[in-house]
Amino acid sequence: MTLPKTIDLAAMKTGGFIKQKEKDFFALRLRTPVGKIDADHLEVISKVSRKYGDGNLHLTVRQGIEIQGIPFEQLQNARDDLEAAGVRIGACGPRFRVVTACPGADICPNGLVDSAGLGLAADERFYGQPEGLELPHKFKVTFAGCLACCPKPQENDVGFHGLVEPELFADDCNGCGVCEVTCKEGAIVMEDDDLPIKDDAKCIDCGDCIKSCPTDAWKVKRVGLAAYAGGRWGRHPELGQKIGEFISPDDAMEVIADVLRFYKEEGKRGERLGVTIGRVGLDELKRRVGK
Amino acid sequence: MTEIKADDSLDLRGVLCPINFVKTKLKLEEMDAGSHLEVLLDDGDPIANVPQSVKEEGHQIMKVGKADGGHYRMLIKKA
């Protein structure tokens, strides 16, 4: 196969091909939402790397895999082998990116919500779909299962973390005081009658008291997600600002849809969401989310 | 309520997470179902984490109380 005279690099990025420094060599980016990878797929990826690439794989900071060192003329063959085995190809450029997440409540003892499941649902709905294409710039989304925020929701264009509001059932409390010790926010104080009192102004809804309570006197009042918008890294880092609390899993998908619509309508070409929010205003974004 | 007498005890003062929980778990495995184990835990991470882990293992925490020197005494009933 002979090389075409010109290579449309911009078009190739939509196919997950990333030009390497060495002439005519590319890295192939894979679509591995929430960093969850089937072990059989990993074997296929390994074979493709040995057959077409240079035997090296790069683990990206967004839980992805890139197969490095593929010569241009082998790109289509590599892609065909991967897709035949069910391994999907990722993308770069100004569009909704592969969603990241922590393992979430099914795996992690700290997890409050099924962040991985939510990440997969968001990926299915927006990735490569009209709502997530033709954006001003890249658009990154992540889901964290709890307030530890391991996948860094405040650094994403839209990020979520789990929340749980505790409620005391005094009849079940034996006054042991474990919750007072456990609460890192100093929001729980044991009163003279050996009952804990919660200061709602200090409580951040992490749920540590619920998990630590030996008698299950602290119970779940409600579970949901906090949402942040406009975060980014790069040369001018900025943390996302909170746009909602105790959002249901279904509504979280609508929050993403609403923010994407706002970004398409208001964003200028080449500008990240945080810059758009800075220009148009956070209140205006909030007004157009969840309506 | 009559005071429950512990069948065995573990002094976990100065033992870090998660070794304190692992030691508790191993001790409980040697004991009979329904018997009681008393453990002495440090303030901070140990008292925040060990009761939670013991609870998740299905055992019952009968009592937690402050002991002298800023430590905690926890009584566990083996499941």
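Quick caveat, the model's predicted, so the values are computed rather than measured.

A few words now on the overall build of chain B. Looking only at helices and strands, chain B features 2 helices and 4 strands. Going residue by residue from the N terminus, the α and β elements of chain B occur as β-α-β-α-β-β. Along the first, second and third principal axes, the C-alpha set of chain B runs to 30 × 25 × 20 Å. Within chain B, the proportion of its 79 residues that are buried is 43%. Taking the intrachain contacts of chain B between residues at least 6 apart in sequence as the baseline, contacts between residues at least 24 apart amount to 63%. Side-chain charges in chain B split into 11 positive and 14 negative, and the spacing between the mean points of these groups amounts to 2 Å.

Residues and elements named next belong to chain A. Domain annotation for chain A reports domain 1 (9–84), domain 2 (100–163 + 224–287) and domain 3 (164–221). On a C-alpha basis, the centroid separation for the pair domain 1 and domain 2 is 26 Å. Facing 5 residues of domain 1, the contacting portion of domain 2 comprises 11 residues. Of the roughly 820 Å² buried between domain 1 and domain 2, counting both surfaces, carbon and sulfur atoms make up 56%. Inspection of the region where domain 1 meets domain 2 yields 1 salt bridge. Here domain 1 is connected to domain 2 by 4 residue pairs in polar contact (both at pLDDT 80 or more).

Taken residue by residue, the interface counts 13 residues in chain B and 12 residues in chain A. Between chain B and chain A, a total of about 1,000 Å² is buried, with carbon and sulfur atoms accounting for 53% of that surface. At the boundary of chain B with chain A, the tally comes to 2 salt bridges. Residue Lys66(B) is joined to Glu180(A) by a salt bridge in which the shortest nitrogen-to-oxygen separation is 3.8 Å. Scanning the region where chain B abuts chain A turns up 4 residue pairs in polar contact (both at pLDDT 80 or more). Breaking the side of chain B that touches chain A down by element, the ones donating at least two residues are α2 (45–56) and β3 (60–66) of chain B. Here the side of chain B that touches chain A is composed, by residue class, of 7 nonpolar, 2 polar and 4 charged.

Here we take up the side chain of Ser49(A). Assignment of secondary structure puts Ser49(A) in helix α2 (residues 39–52). Discounting chain neighbours no more than four positions away, the residues touching Ser49(A) are Asp54(A), Gly55(A), Asn56(A), Leu57(A) and Ile67(A).

Another point: the pattern of salt bridges. Where charged atoms of side chains with opposite charge meet at close range, the side chains can pair. Residue and element names in this part refer to chain A. Counted under the stated rule, the structure contains 29 salt bridges over all chains. The residue Asp81 makes a salt bridge to Lys51 at a minimum N-O spacing of 3.2 Å. Linking Asp81 in helix α3 (residues 75–84) with Lys51 in helix α2, this pair joins segments that are 30 residues apart in sequence. Notably, a salt bridge pairs Glu165 with Arg222, separated by 2.6 Å at the nearest N-O pair. In this pair, Glu165 is assigned in strand β7 (residues 158–168) and Arg222 in strand β10 (residues 218–229), connecting sequence segments 57 residues apart.

About the cut-offs
Residues numbered from 1 in each chain as written. Chains lettered and ligands numbered in written order. Predicted model: local features only at pLDDT ≥ 70, side-chain atom pairs only at ≥ 80, totals over all residues. Heavy atoms only, no water. Helix = DSSP H or I, 4+ residues; strand = E, 2+ residues; numbered from the N terminus. Buried < 20%, exposed > 50% of the residue type's maximum accessible area, 1.4 Å probe, protein only. Contact = heavy atoms within 4.5 Å. Lys, Arg positive; Asp, Glu negative; His and termini not counted. Charge placed at Lys NZ, Arg CZ, Asp CG, Glu CD. Domains from an automatic or database assignment. Buried area = accessible area lost by both parts, 1.4 Å probe. Salt bridge = Lys/Arg side-chain N within 4 Å of Asp/Glu carboxyl O. Polar contact = N/O pair within 3.5 Å; in protein donor to acceptor, adjacent residues only side chain to side chain. Nonpolar A, V, L, I, M, F, W, Y, C, P; charged D, E, K, R; others polar.

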